[in-house]
Protein chains: 2
Amino acid sequence: MSDNQTAISELQVLLGDRLSTAEAIRHQHGENESYFENTPPEAVAFPKDTREVSEIMKICHKHGCPVVPWGVGTSLEGHALAVRGGVTINLGSMDKLLHVAPEDLYAVVQPGITRETLNTELRATGLFFPVDPGANATIGGMTATSASGTTTVRYGKMKDNVMALEVVMADGRIIRTGSKAKKSSAGYDLTRLFIGSEGTLGIITELTLKLHGQPESVSAAVCEFEDTASAVNSVIMAVQMGLPVARMEFIDPLSIRAINAYSKMTMRECPHLFMEFHGTETSVAEEVQRMKDITEEFGGGGFQWATKAEDRNKLWHARHNTYFALKAQSPGAQGLSTDVCVPISKLAQAIEDTIADVEAHGWQAPIVGHVGDGNYHVLFLFDRQNAEEFALAKELTHRMNMRALELGGTVTGEHGIGMGKMKYLDDEHGDAVHVMADIKRAFDPTGIMNPGKIVSAN
Amino acid sequence: MSDNQTAISELQVLLGDRLSTAEAIRHQHGENESYFENTPPEAVAFPKDTREVSEIMKICHKHGCPVVPWGVGTSLEGHALAVRGGVTINLGSMDKLLHVAPEDLYAVVQPGITRETLNTELRATGLFFPVDPGANATIGGMTATSASGTTTVRYGKMKDNVMALEVVMADGRIIRTGSKAKKSSAGYDLTRLFIGSEGTLGIITELTLKLHGQPESVSAAVCEFEDTASAVNSVIMAVQMGLPVARMEFIDPLSIRAINAYSKMTMRECPHLFMEFHGTETSVAEEVQRMKDITEEFGGGGFQWATKAEDRNKLWHARHNTYFALKAQSPGAQGLSTDVCVPISKLAQAIEDTIADVEAHGWQAPIVGHVGDGNYHVLFLFDRQNAEEFALAKELTHRMNMRALELGGTVTGEHGIGMGKMKYLDDEHGDAVHVMADIKRAFDPTGIMNPGKIVSAN
């Protein structure tokens, strides 16, 4: 019996029928949202609390059995694939909103709660959790991948909105990081270290999240542009002026076409900005007017704004479904989503060079972006069986990544490294990657925590 | 010759007269802003660039010679004292503003530049660096201690405003963390790990800082209250309403008396809030009105506001000099500044309990606070030769720290751990301190980086 199988036998005793080796369950946890092959673990554990996660880790640590934490599997770089076998820990049963402190603007949650469920449960308090990556990911997964999204330009990313963590370490120790105070200078910032560590340093079992008051007034707006540069330059000017717009999303004509078809809308097939403004009635009206002035300066037209919740929800629902809208246009196609982020002044150039590069290779690939942060995504849709198409998608992605680095940016604004971008981590961080590996070895000396992701400890 | 002396001899060859063993220079670098005894290093190095810092570290690493990085020595917990001898590295010669990217809202600086110099040099760009701990500290020191201050309630702390670092590691390797993009999910967040590491993990030799546009309109305001709770509860309500006030400072009557004397002002000796509002003319006027309404609800009076830069500067100059104003009232006295931070809903209770505890021991100690963050400071002034007074100051501090932890807060909102709060790090973080020690050992296996601070690696 292999060491992994010995560990799994012991886990079976611990968890009973909350440990599954069924083919269908394993296959489901080998699935992913990107182009990686299905990679099933040898078993899937469904712990019900932190204590059980700790016991699982003690067993796996003893036998050197790899573990992979799992939320709902929305990650895009193969983060949750069991590439060295072992056990996937599905945290979906640990999905409670444990405590809300409305007067202190925080909530304590378990990792398996999804952001939509959390916000539904928070509604009556007048508070919300702002980070919005589009997908209805779990809060644990969003933390592990250092997610951000449409509202980050105003409310920040996970790193700005997670105050404290409970983490189970590789050997089963349970630690707590951070505090419920708004700030602290007490020792090394372990909270920020675990955020974005993609399950390679420990398993997040509880989170304290910063909440925000629902704004008095919310307005959404849509604006059309003749070309990409005009849309992007409008955003750059708004950012440089310090306009606190809550959302500023760029949508290219290909995406607009797909959204129109999928969400039954009738937008003109040209570059668009989708925006949202939060504040008091006075401040929102002032911001909308300023943004309208800016867009007009860049030839933007058809500026429409919506204050009714129903209209706003329709707009953002359409935006969030862009990925599915695009996939619906190419049934059976495989998706490869890129995720570069550059300094804002380089954004128009980066996007235009990307479009030119893609078109020069005879491809058409849609682009959307959280452009207020300098972050954009090209989605390559291709036939996974067509080696040439697959190679070209990877080659174009490679060139996007290298272009972002040349411009002082990053190869991943929000998706993370996973398996897909490990080779680029060296390009981006050079010798600092050795220091990351030092941390990995210190936290996980036997290398069982989601091995084969982010950094090699050898 | 001891190992340290061997290292110092080699450093002399490297640095020539930029390595000093003069008594006066050593004494100056043994000084500190708190109650710790003068603790001079064996030598002081004045490197002129990163390369030299790296060479210094290689020599010190080879001989196991302790090194202590030094900014201008404003830290309050003995952070920069050479408790195990060795070499203090004064980074004051590396004080350049290297690059400003106004279109991308960042600046690249060397660690020795002070925040006032930086903002003076930035003035023409219309941008500023907001973090303001009061003291004219160096940016490197502010980063190493994870500083914050009066504007943090609106603009965040150092952790929110440092984008990237260049760091020299214990063995002399030079690494770069972060990027110039507004966000990144590329690997472990080394930037945030070095922020607040107090020179125990590496030496920061270059920083990329987030800049903010100078607001169109700025207004300061002062308001009087009959009691502490009313002032603090006004702030709590403003925070809970999400009012984006730029500064909200609580000043107690003892501090007001000292400020009146020191800065020639005539404020009534009662609890005060000093506030500042940043935005457009419309939004500032709206915020000031809302804040005025809130303060009136809590019986606040004498609400005065100033839009002229001269009047505002006078107010904040007076606030920043509170420490010196208080010390001027007790010539020769030693200061011990506390630094707890609690969840905002617990703030009024924490401050009132603190005052009651201090008064029950027959002491009068002034209190000021960045109360929008839940952070406040009691300053104990005492005769360093009077063992009883010193013991009582430490005992009252101990009780404040434990009270903050009971309320879910932290023993240090912004000053850091240094030597003074190492024992409280265990109380605050429990087993997580072992994980911090793992990091310390991984980064600095021979224990030469500012030993005796934050965490013991043994």
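Residues numbered from 1 in each chain as written. Chains lettered and ligands numbered in written order. Predicted model: local features only at pLDDT ≥ 70, side-chain atom pairs only at ≥ 80, totals over all residues. Heavy atoms only, no water.

- Chain A is annotated in an unreviewed UniProt entry as D-lactate dehydrogenase (cytochrome) from Neptunicoccus cionae.
- Entered under Sequence similarities (unreviewed entry) in the UniProt record, the comment concerning chain A runs "Belongs to the FAD-binding oxidoreductase/transferase type 4 family."
- Under the heading Cofactor (unreviewed entry), UniProt records this for chain A: "FAD". (UniProt positions renumbered as here; feature names shortened; annotations may be inferred.)

### With respect to the overall build of chain A
Reasoning step 1: What chain A contains, in helices and strands, is 17 helices and 19 strands.
Reasoning step 2: Taking 2.2 N^0.38 as the reference for a compact globule, 458 residues should give roughly 23 Å; the C-alpha atoms of chain A span a radius of gyration of 22 Å, in line with that estimate.
Reasoning step 3: The dimensions of chain A, computed from C-alpha atoms along their principal axes, are 70 × 55 × 40 Å.
Reasoning step 4: The proportion of buried residues among the 458 residues of chain A is 63%.
Reasoning step 5: In chain A, the share of contacts with a sequence separation of at least 24, taken over all contacts with a separation of at least 6, comes to 72%.
Reasoning step 6: Looking at chain A as shown, the accessible area adds up to about 16100 Å², and 49% of this sits on carbon and sulfur atoms.
Reasoning step 7: Each charge class in chain A was averaged separately, 41 positive and 58 negative side chains, and the resulting centres sit 4 Å apart. (Helix = DSSP H or I, 4+ residues; strand = E, 2+ residues; numbered from the N terminus. Rg over C-alpha atoms; globule rule 2.2 N^0.38 Å. Buried < 20%, exposed > 50% of the residue type's maximum accessible area, 1.4 Å probe, protein only. Contact = heavy atoms within 4.5 Å. Areas by Shrake-Rupley, 256 points an atom, 1.4 Å probe, with all protein chains shown as cover. Lys, Arg positive; Asp, Glu negative; His and termini not counted. Charge placed at Lys NZ, Arg CZ, Asp CG, Glu CD.)

### Quick notes on the interface of chain A and chain B
Reasoning step 1: Tallying the contact residues gives 80 residues for chain A and 80 residues for chain B.
Reasoning step 2: Here chain A meets chain B over a buried area of about 6000 Å², counting both sides, of which 57% is carbon and sulfur.
Reasoning step 3: The three residues of chain A that bury the most area against chain B are Lys183, Ser185 and Tyr188 of chain A, which together make up 16% of that side's buried surface.
Reasoning step 4: Between the two partners, chain A and chain B, sit ten salt bridges.
Reasoning step 5: With its nearest N and O atoms 2.6 Å apart, the salt bridge here joins Glu216 of chain B to Arg290 of chain A.
Reasoning step 6: At the junction of chain A and chain B, the tally comes to 36 residue pairs in polar contact (both at pLDDT 80 or more).
Reasoning step 7: At nine residues, the largest contribution of residues to the side of chain A that touches chain B is made by helix H17 (residues 432–443) of chain A. (Buried area = accessible area lost by both parts, 1.4 Å probe. Salt bridge = Lys/Arg side-chain N within 4 Å of Asp/Glu carboxyl O. Polar contact = N/O pair within 3.5 Å; in protein donor to acceptor, adjacent residues only side chain to side chain.)

### Some points on the packing of helix H10 (residues 253–263) of chain B against helix H13 (residues 322–329) of chain B
Residues and elements named next belong to chain B.
Reasoning step 1: Packing of H10 against H13 brings their axes to within 8 Å, and their N-to-C directions diverge by 85 degrees. Between H10 and H13, the interaxial angle falls into the category roughly perpendicular. Contacts between H10 and H13 involve Leu254, Ser255, Arg257, Ala258, Ile259, Ala261 and Tyr262 on the former and, on the latter, Thr322, Phe324, Ala325, Leu326, Ala328 and Gln329. (Axes fitted to C-alpha atoms, helices over the stretch in contact; angles between N-to-C directions. Parallel < 35°, antiparallel > 145°, perpendicular 65-115°, else oblique.)

### Focus on the pattern of salt bridges
Reasoning step 1: Counted under the stated rule, the structure contains 66 salt bridges over all chains.
Reasoning step 2: For Glu296 of chain B, the salt bridge goes to Lys292 of chain B, with nearest N and O atoms at 3.0 Å. Note that Glu296 of chain B and Lys292 of chain B are positioned in helix H11 (residues 281–297) at a spacing of four residues, about one turn of the helix.
Reasoning step 3: Of the residues examined, Lys292 of chain B reaches a relative accessible area of 26% and is grouped as partly exposed.
Reasoning step 4: In this structure, a network of salt bridges that share partners links the residues Arg115, Glu116, Asp132, Arg247 and Glu276 of chain A.

### Some remarks on the relation of the copies chain A and chain B
Reasoning step 1: The operation relating chain A to chain B is a screw motion whose rotation component is 180 degrees, with 0.0 Å of axial translation and a residual RMSD of 0.0 Å. Each copy turns onto its partner about a two-fold axis.
Reasoning step 2: Mapped onto chain B, 100% of the interface residues of chain A are again interface residues, and the two copies thus contact each other with one and the same surface. (Least-squares fit on C-alpha atoms with pLDDT ≥ 70 in both.)

### Details of the domain arrangement of chain A
Residues and elements named next belong to chain A.
Reasoning step 1: Taken domain by domain, chain A comprises domain 1 (3–92), domain 2 (95–213), domain 3 (217–318) and domain 4 (325–420).
Reasoning step 2: The C-alpha-based centres of domain 2 and domain 3 are spaced at 29 Å.
Reasoning step 3: Taken over both partners, the interface formed by domain 2 and domain 3 buries close to 630 Å², and the fraction arising from carbon and sulfur atoms is 51%.
Reasoning step 4: Of all residues in domain 2, the largest losses of buried area upon contact with domain 3 belong to Thr150, Val153 and Arg154, amounting jointly to 71% of the total for that side.
Reasoning step 5: The interface formed by domain 2 and domain 3 contains one salt bridge.
Reasoning step 6: Asp132 serves as the salt-bridge partner of Arg247, at 2.7 Å between the closest nitrogen and oxygen.
Reasoning step 7: Applying the counting rule to domain 2 against domain 3 returns five residue pairs in polar contact (both at pLDDT 80 or more).
Reasoning step 8: Its residues assigned to classes, the side of domain 2 that touches domain 3 comprises two nonpolar, two polar and two charged. (Domains from an automatic or database assignment. Nonpolar A, V, L, I, M, F, W, Y, C, P; charged D, E, K, R; others polar.)

### What to know about the sheet that holds strand S10 (residues 203–210) of chain A
All names here are of chain A.
Reasoning step 1: Here five strands make up an open sheet; going across it, the order is S5-S6-S10-S8-S9 and the pairing antiparallel. In this open sheet, the two edge strands, each paired with only one partner strand, are strand S5 (97–101) and strand S9 (174–178). Each adjacent strand pair in this sheet contributes to an overall mean axis angle of 15 degrees, direction not counted.
Reasoning step 2: Where strand S8 (residues 162–168) meets S9, five bridges bridge the pair, whose relative direction is antiparallel. Looking at S9, one finds that Leu165 is bridged to Thr177.
Reasoning step 3: Against the sheet, helix H3 (residues 50–63) touches S8, S9 and S10, its axis set at about 50 degrees to S8.
Reasoning step 4: Sitting on the sheet, helix H4 (residues 115–122) is in contact with S5, strand S6 (106–109) and S10, with an inclination near 45 degrees to S5. (Pairing = 2+ DSSP bridges.)

### Focus: H10 of chain B
All names here are of chain B.
Reasoning step 1: Looking only at H10, the buried set comprises Leu254, Ser255, Ile256, Ala258, Ile259, Asn260 and Ser263.
Reasoning step 2: Against strand S13 (247–251), strand S14 (272–279), helix H12 (309–320), H13 and strand S18 (367–370) lie the buried residues of H10.
Reasoning step 3: Remark: Lys264 follows H10 within two positions and exhibits a positive phi of approximately 50 degrees.

### Quick notes on the packing of helix H15 (residues 387–406) of chain A against helix H16 (residues 422–429) of chain A
Residue and element names in this part refer to chain A.
Reasoning step 1: The geometry of H15 relative to H16 is characterised by a closest axis approach of 10 Å and an angle of 20 degrees between their N-to-C directions. If you check the angle between H15 and H16, you find them roughly parallel. Handedness of the H15/H16 crossing: right-handed. Taking contact as the criterion, the partners of His398, Asn401, Met402 and Leu405 in H15 are, on H16, Tyr424, Asp427 and Glu428. (Left-handed = near helix turned anticlockwise from the far one by under 90°.)

### Considerations on the pairing of S6 of chain A
Working note: regular strand, side chains alternate between the two faces of the sheet.
Residues and elements named next belong to chain A.
Reasoning step 1: Residue alternation in S6 divides its side chains into two sets, Tyr106 and Val108 and Ala107 and Val109, and both sets are buried.
Reasoning step 2: Taken together, the four bridges between S5 and S6 define a ladder with antiparallel strand orientation. By the bridge assignment, Ala101 is partnered in S6 with Tyr106.
Reasoning step 3: Two successive antiparallel strands, S5 and S6, enclose a turn made up of four residues, where Leu105 displays a positive phi of approximately 60 degrees.
Reasoning step 4: Sheet topology places S6 next to S10; four bridges connect them, and they run antiparallel. Note that in S10 the partner of Ala107 across the bridge is Leu209.

### Structural notes on the sheet that holds strand S9 (residues 174–178) of chain B
Within a sheet, neighbouring strands are paired by backbone hydrogen bonds and run either parallel or antiparallel to one another.
All names here are of chain B.
Reasoning step 1: One open sheet holds the five strands; their spatial order is S5-S6-S10-S8-S9, and the pairing between them is antiparallel. Sheet topology places strand S5 (97–101) and S9 at the edges, where each strand pairs with a single neighbour. Neighbour-to-neighbour, the strand axes of the sheet open up by a mean angle of 15 degrees, direction not taken into account.
Reasoning step 2: Across the sheet, helix H3 (residues 50–63) touches strand S8 (162–168), S9 and strand S10 (203–210), and the angle it forms with S8 is around 50 degrees.

### Side note on the nonpolar core
Reasoning step 1: Judged by nonpolar contacts, the single largest core of 184 residues is most densely connected at Phe129, Ile139 and Phe380 of chain A together with Phe129, Ile139 and Phe380 of chain B.
Reasoning step 2: When sequence neighbours within four positions are dropped, the list of residues in contact with Phe380 of chain B reads Gln334, Gly335, Leu336, Thr338, Val358, Trp363, Ala365, Ala393, Leu396 and Thr397 of chain B. (Core = buried A, V, L, I, M, F, W, Y, C linked by side-chain atoms within 4.5 Å.)

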